[in-house]
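Topology and contacts: notes
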Amino acid sequence: MDKIEKFLKRLTKKERNSVARLIQKAIRNELEGLGINKLKGFDGFYRIREGKIRIVFQKSLPQNKIINMDIGR
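Residues numbered from 1 in each chain as written. Predicted model: local features only at pLDDT ≥ 70, side-chain atom pairs only at ≥ 80, totals over all residues. Heavy atoms only, no water.

Some remarks on helix α2 (residues 13–27)
Three or four residues apart is the spacing at which side chains of an α-helix point the same way, because the helix has 3.6 residues per turn. As a reminder of what qualifies: Helix and strand definitions here come from DSSP, where helices need a minimum of 4 consecutive H or I residues and strands a minimum of 2 consecutive E residues; each element is numbered from the N-terminal end. Multiplying 1.5 Å by the residue count of a helix minus one yields the expected span of that helix. In what follows, a contact means two residues having at least one pair of non-hydrogen atoms within 4.5 Å.
Between its first and last C-alpha, α2 extends 21 Å over 15 residues, near the 21 Å set by a 1.5 Å rise per residue. Against α1 (3–9), β2 (45–50), β3 (53–60) and β4 (65–72) lie the buried residues of α2. Positive backbone phi, approximately 65°, marks Asn 29, located one or two places after α2.

Some points on the packing of aromatic side chains
As a reminder, the rule being used: Between the rings of Phe, Tyr and Trp (Trp by its six-membered ring), a pair exists once the centres lie within 6.5 Å; its type follows the angle of the planes, with under 30 degrees stacked, over 60 edge-to-face, and the other angles tilted. Between buried and exposed lies partly exposed: a residue is buried under 20% and exposed over 50% of the maximum accessible area for its type, with that area taken using a 1.4 Å probe on protein chains only.
Going through the model one piece at a time under the given rule, you end up with two aromatic pairs. Aromatic pair Phe 42 and Phe 45: ring centres 5.9 Å apart, planes at 70°, arrangement edge-to-face. Phe 45 gets classed as partly exposed once you look at its relative accessible area, which sits at 23%. Seen from their ring centres, Tyr 46 and Phe 57 are 6.0 Å apart, and the 25° between their planes marks the pair as stacked. Of this pair, Tyr 46 sits in strand β2 while Phe 57 is found in strand β3, placing the two residues eleven residues apart along the sequence. Using a relative accessible area of 18% as the deciding quantity, one classes Tyr 46 as buried.

Points about the sheet that holds strand β1 (residues 37–38)
Note the following rule: Strands are treated as partners if at least two bridges between them are detected by DSSP.
The strand order across the open sheet built from four strands is β1-β2-β3-β4, with neighbouring strands paired in antiparallel fashion. Of all strands in the sheet, those bounded by a partner on one side alone are β1 and β4. The pairing of β2 with β3 spans six bridges and is antiparallel. In the sheet register, Phe 45 faces β3, and the bridge partner there is Gln 58.

Just distances and angles here, no functional claims.
This is the structure we're talking about:
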């Protein structure tokens, strides 16, 4: 079991549904209205915040596709 799966198991059902919705939108590249911020000092890294939960991901520029993801409080 990886870090993301362990983190998701510790969330409440409401938080888990909210995070799942955000992840699905990010994967489908539907980033409008998610409040995405670019991380300073890191090229191509962004974060989405939902309450105290943060989802950090990296976008590859040529395909504009998400290639790396991390979740935490």
